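Inside the fold
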Amino acid sequence: MRYVAQRILFSILSLCVLLFITFLLSHVVSGDPAIVAAGPNAGADKIAAVRQEMGLDRPLLVQFWIYCSNIMHGDLGTSWFTRQPIASDIIRELPPSLELVFVAMLINLAISLPLGLLTARYAGSRFDDIVRLLVMAGAGLPIFWLAIILQQIVAGQWRLLPTAGRLGFQNRDFTGATGFTLFDSLMQGRFDVFADALAHLVLPAFALTLLFTAVGVRITRTSMIGEFRKDYVVLARAKGASEGRIMVRHVFANGATPALTVFGMQFGWMLGATVLVEEIFGRPGIGRYAVKAVTQSDIHAVVAVVFVVGLVFLFSNLIVDIALYLLSPRKHAGA
Amino acid sequence: MASLAPTNADDRPLLEIRDVSVALRNGNRTMVAGVSLSVRPREVFGIVGESGSGKTLLTRTLLGLQDDAYVAGGSVRFNGQSLPIDGYGTQARKLLGHSIGFVPQDPFASLNPSMRIGKQITEAIYLAKGWPMGAERTRDAAISLMAEVGIPEPALAFNQFPDQFSGGMRQRMVFAIALAQDPKLLVADEPTTALDAITQRRVIELILDRSRKHDLAVILISHNLELLRQSVGRIAVLYGGQLLNIVASSDIGHRMVHPYTEALFDCIPTREKTLADIRSIPGEPVGAGFGLRGCAFASRCPYVVTACTTADLPRNSAMAPSFSACILGRGAS
Amino acid sequence: MIKRWWSFPKTNVERTAIVLGCLILLLALVGAFLVPFDPMKIDFRAKLQAPSLVHWLGTDGSGRDVLSRLLYGAQLTLASTFAVIIVVVTIGCTIGIASAFIGGAVDNMLMRLADIWLGFPPLILALGFASALGASLEAAIWALIFSWWPNYARLSRMVTSDILSQKFIASADALGVPTHRKVLHYVIPNAMDVMLIQIALDISAVMLAISGLSFIGVGAQIPAPEWGAMIADGRSYVSNGWWIVLAPGLAIFITAVSFNVIGDMLRRELDPTSRRR
């Protein structure tokens with residue numbers, strides 16, 4: 001349990017750094033936050049009032065403390081373009097984004113793990129060379145460009161999948177308790193809505209994940225390749241185990257930890273990259289919310305998204321690391 | 001320890017390899033050339049050679065465990081069934097699960113570190129026989145195997161991980177895995193090199209004793225001629241990827257053997273020898289991949305004549321129980 | 001330092017990547033003098049023309065020649081990329097090398113900070129920074145510097161402490177070699193290979209990030225011929241002018257892949273720890 005405690009402590013430390021960064025962005029880099037908060041059309045007296053109200057005439061350290069305590073109370077400020085508390089905006093926009101990232105991550109794992117294992121097993125073969133080339137090509141694809149091209153060809157030309165949105169017109173009134181359409185539709189037994197939501201997710205999720213998948217294949221290969229050279233693989237072969245069994249039961253269990261840690265980090269990175277995809281596919285979500293806030297110069301909303309994405313990133317890392325620790329049976333034995 | 005004379009073994013050979021060559025996939029380089037030997041049921045057979053002589057490469061390739069090498073020529077029969085040279089690896093692997101047990105060199109690396117010991121043994125039982133007796137009895141079988149190879153408190157060890165055991169204990173577990181397959185032949189590749197001297201002796205005795213009880217033939221591979229001389233009936237001597245000698249271990253030191261075997265024996269300190277009798281072999285050892293033209297040992301041999309480097313190396317194509325590849329006839333029976 | 005560099009490429013893919021990489025750099029340098037048309041001149045009579053002998057890559061929604069914009073954009077995109085990399089390498093290495101020399105608690109704290117900083121999603125961090133500064137290409141460049149520096153701080157700190165722990169440094173210490181000479185004569189020459197690999201691999205990542213920021217609207221602003229901004233601009237015409245989006249996207253893709261391949265090759269040839277076969 002010592003490990004878990006250390007890991008949580010590290011997350012708290014990271015949270016402090018995150019708060020520091022977002023404070024830097026909203027209070028220092030942006031110039032005068034009072035002007036920002038008052039909105040672009042405010043007069044001098046309004047700005048002065050806001051400055052007083054926000055405590056901006058006090059020292060930076062005090063301001064940082066106020067900033068932190070506001071956030072701890074769930075107050076991320078007010079967006080002046082939606083005229084809503086940013087926190088409630090984000091609570092509304094987060095589920096569709098998490099849903100998108102979740103599907104993207106499933107696609108990512110479904111491609112990365114088998115390809116990574118196979119290229120590690122057959123390292124140096126023609127197959128390995130071809131996959132390496134594909135990986136380098138994938139790592140050079142601009143996500144937003146890929147999204148546009150996929151949308152035009154697969155949805156526009158071939159009409160295989162819907163072009164944009166979260167649900168089709170016939171399901172526009174569907175609502176659920178959690179905001180996760182895939183989950184809600186299953187709970188209500190609306191399989192037609194589930195299929196519809198999934199169809200709307202495929203293209204954006206694929207566009208979002210391809211760059212991360214390229215990295216994922218590479219990471220998986222690197223963490224598995226050393227395992228195949230170990231003698232326990234020879235012994236497993238001597239038992240008569242098939243190559244598939246060796247990969248899944250023996251090598252994967254031993255080499256998975258570093259790869260899965262990276263996938264945990266990719267979850268947060270993908271959430272950040274939704275800014276490149278959601279707008280193109282006309283999906284609601286914090287990515288599109290952030291882009292809108294940017295075009296409206298609503299710094300506080302943008303910085304709030306930065307904070308929330310960072311928070312999700314910290315959480316997903318923490319969960320993955322602790323899960324890996326708990327699932328690794330050797331640690332329990334008390335070595 | 002037992003010294004089985006070649007004559008009292010069974011008549012039909014269990015493993016018969018004739019003129020087998022092994023080449024590396026990368027560059028098609030022939031590493032082991034024209035090896036012929038046979039092992040009878042219940043025979044304890046040794047293969048000796050310095051590191052790089054090709055002994056590990058030969059056996060691993062024959063067992064289908066070496067990815068970067070293949071059987072380039074010759075024929076292999078196991079238990080009366082001949083194995084195809086094309087697609088040899090997959091066929092050999094099929095046999096391994098239930099007819100050949102394998103004990104690799106380093107017990108610290110050869111057990112899966114994240115799988116419980118018991119699971120690794122039951123997996124071997126399952127892969128060799130399926131689940132004919134159900135999970136519960138498979139577990140009991142595994143525990144009794146662990147008891148048989150001398151693991152204290154086997155029921156407890158069943159649920160433990162390899163890193164909680166010493167090298168000697170781990171090698172016993174690897175041996176239990178090999179026995180779990182209920183094989184006819186056990187191949188042990190330097191099984192005790194990584195262990196200290198006393199544990200070494202105990203593990204070898206255990207392997208030979210249990211193998212006799214299970215009616216197994218054993219191929220023991222080692223660089224240590226003295227260890228083999230005390231443990232096995234016949235010894236094949238490999239050098240530079242060539243088979244130079246097959247000799248009854250009781251003959252070594254008493255009758256004329258191949259000059260290389262003689263030189264190896266002269267290096268061993270024993271009680272009968274004075275310090276002056278212990279000699280090292282002059283020159284540097286030749287690695288595997290020497291080929292078939294000339295004798296690989298010629299450059300270091302005290303009896304060398306010109307023909308040694310030009311004539312083709314004699315092969316044991318007749319599958320004689322003892323054999324010397326010396327063209328001068330030294331060590332031929 | 002880079003001995004036998006001509007023997008580095010081992011496959012045709014790598015040779016192609018080097019040729020393409022050099023060609024793209026050359027075009028970025030001299031492309032502005034080669035452009036057939038004014039990249040900013042609006043001509044609504046000539047708008048949305050498909051690729052032809054006059055306009056090799058067609059014209060965009062305002063009648064501007066896409067090829068001319070692409071060539072101009074090469075300079076803009078690559079110059080911004082290199083600006084980011086040069087500043088990041090300078091700042092990162094200064095922090096990293098200083099941290100390794102100082103050691104102790106300061107070193108520990110700086111590297112912890114870099115570790116945590118490095119983890120956060122770089123794109124969203126840069127997005128926040130750029131919009132806080134006010135959207136412009138310079139803002140995007142500063143934003144990427146802001147989120148990228150820990151990479152080089154960590155790398156240079158690792159290399160430096162490796163070198164400092166070696167025997168020849170002990171003998172240099174015994175001779176009384178001053179710190180700045182140690183940095184100039186031992187650390188920097190030895191760190192060069194590792195840095196070069198990282199830089200080659202980072203070129204494509206930084207370029208993708210810059211064009212992504214421009215696409216969202218916090219980088220280069222729309223009439224500017226930056227490749228990401230060109231794609232954003234072309235989006236509204238994508239159904240009747242596919243070439244406007246396709247051309248800059250392919251330009252980004254080809255440049256990024258070329259530098260990825262070159263970086264991969266450099267790593268194989270220069271990094272002794274990553275020999276694969």
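Within each chain, residues carry numbers counting from 1 in the order of the written sequence. Lettering of chains starts at A and numbering of ligands starts at 1, both following the order in which they are written. With pLDDT at 70 or above as the cut-off, local features in this predicted model cover only qualifying residues; side-chain atom pairs require 80 or more to be listed or tallied, and sums for whole chains, interfaces and linings still use all residues.

With that out of the way, let us pick up the overall build of chain B. If you tally the helices and strands in chain B, you get ten helices and eleven strands. Against the 2.2 N^0.38 benchmark of 20 Å for 333 residues, chain B shows a C-alpha radius of gyration of 20 Å, consistent with a compact globule. Burial status across chain B gives 47% buried among its 333 residues. For every residue pair, C-beta atoms are placed from the backbone, and the pair is scored as a contact if these atoms sit within 7 Å. Counted over contacts in chain B with a minimum sequence separation of 6, partners at least 24 positions apart contribute 68%. Only runs of H or I of at least four residues qualify as helices and only runs of E of at least two qualify as strands under DSSP, and these elements are numbered from the N terminus. For the radius of gyration, the atoms used are the C-alpha atoms, and the globule rule reads 2.2 Å times the number of residues raised to 0.38. Backbone-placed C-beta atoms define the burial measure: a residue is buried with 20 or more other C-beta atoms within 10 Å of its own, exposed with 12 or fewer, and partly exposed in between.

Regarding its fold elements, chain C presents nine helices and zero strands. Its helices and strands taken in sequence order, chain C reads α-α-α-α-α-α-α-α-α from the N to the C terminus. Looking at the 277 residues of chain C, the share that counts as buried comes to 49%. Of all intrachain contacts in chain C linking residues separated by at least 6 positions in sequence, the fraction that spans at least 24 positions is 68%.

A few words now on helix α9 (residues 191–228) of chain A. With 38 residues, α9(A) extends just 43 Å between its outermost C-alpha atoms, more than 12% less than the 56 Å of an ideal straight helix rising 1.5 Å per residue. Two axes are fitted around each residue, one to the seven residues ending there and one to the seven starting there, and the angle between them is reported as the bend at that residue. The largest bend along α9(A) measures about 45° and falls at A:L210. Each residue after the first adds 1.5 Å to the expected span of a helix.

Every contact between the two is made by 28 residues of chain B and, on the other side, 17 residues of chain A. Elements represented by at least two residues in the side of chain B that touches chain A include exactly α2 (88–99), α3 (117–129) and α6 (167–180) of chain B. Gly counts as polar in this scheme, as do all residues outside two lists: the nonpolar Ala, Val, Leu, Ile, Met, Phe, Trp, Tyr, Cys and Pro, and the charged Asp, Glu, Lys and Arg. Partitioned by chemical class, the residues of the side of chain B that touches chain A number 15 nonpolar, eight polar and five charged.

Here we take up the confidence of the model for chain C. Confidence of the predictor at the level of single residues is given by pLDDT, which spans 0 to 100. With 96% of its residues at a pLDDT of 70 or more, chain C has an overall mean of 84. In the predicted complex, the global pTM is 0.85; the interface-specific ipTM is 0.88.

Before going further, it helps to examine the pairing of strand β7 (residues 185–189) of chain B. All names here are of chain B. Where burial is concerned, most of β7 is hidden: five out of the five residues are buried. Taking every second residue as pointing to the same face, both faces of β7 are buried, with L185, V187 and D189 on one and L186 and A188 on the other. For two strands to be treated as a pair, DSSP must find at least two bridges joining them. Examined bridge by bridge, strand β6 (residues 100–103) and β7 share four bridges and lie parallel to one another. Bridge pairing in β7 places F102 opposite V187. The sheet contact formed by β7 and strand β8 (residues 217–222) spans five bridges and is parallel. By the bridge assignment, D189 is partnered in β8 with I221. What joins β7 to β8 is helix α7 (residues 197–213), and the crossover it makes is right-handed. A crossover counts as right-handed when, viewed with the strands pointing away from the observer, the path leading from the first strand over the helix to the second turns clockwise.

The next thing to look at is unusual backbone geometry. Positioned with a positive phi, A:S297 is a non-glycine residue whose angle comes to about 55°. Secondary-structure assignment places A:S297 in the loop between α12 (286–295) and α13 (299–327). Of note in the backbone geometry, B:D215 takes a positive phi value of approximately 60° without being a glycine. Relative to the helices and strands, B:D215 resides in the loop between α7 and β8. We classify B:D215 as exposed; it has 9 C-beta atoms within 10 Å.

All names here are of chain A. Viewed as axis vectors pointing N to C, helix α6 (residues 126–138) and α9 meet at an angle of 140°, and their least axial separation amounts to 8 Å. Looking at the two axes, α6 sits oblique to α9. With respect to the hand of their crossing, α6 and α9 are arranged in left-handed fashion. Between α6, through V131, V135 and G138, and α9, the contact on the second element is made entirely by L210, L211, T213, A214, V217 and R218. Note on definitions: angles span 0 to 180 degrees between N-to-C directions of axes, and those axes are lines fitted to C-alpha atoms, for helices only across the stretch in contact. For classification purposes, an angle smaller than 35 degrees is called roughly parallel, one larger than 145 roughly antiparallel, one from 65 to 115 roughly perpendicular, and anything else oblique. By definition, any crossing whose near helix is turned counterclockwise from its far helix by less than a right angle is left-handed, and any crossing with a clockwise turn is right-handed.

Before going further, it helps to spend a moment on the pairing of strand β10 (residues 242–248) of chain B. All names here are of chain B. Judged by how many residues are buried, β10 sits mostly within the fold: seven of seven residues are covered. When strand β9 (residues 234–239) meets β10, the two strands line up antiparallel, connected through six bridges. Bridge pairing in β10 places V237 opposite N245. The antiparallel hairpin formed by β9 and β10 contains two residues in its connecting segment, where G240 sits at a positive phi of about 55°.

Bringing the confidence of the model for chain B into the picture now. In the predicted model, chain B carries a mean pLDDT of 85, and 95% of its residues have values of at least 70. Across residues 1–9 of chain B the pLDDT falls below 50, and counting only partners more than four positions away or on other chains, this stretch makes 21 contacts in the model.

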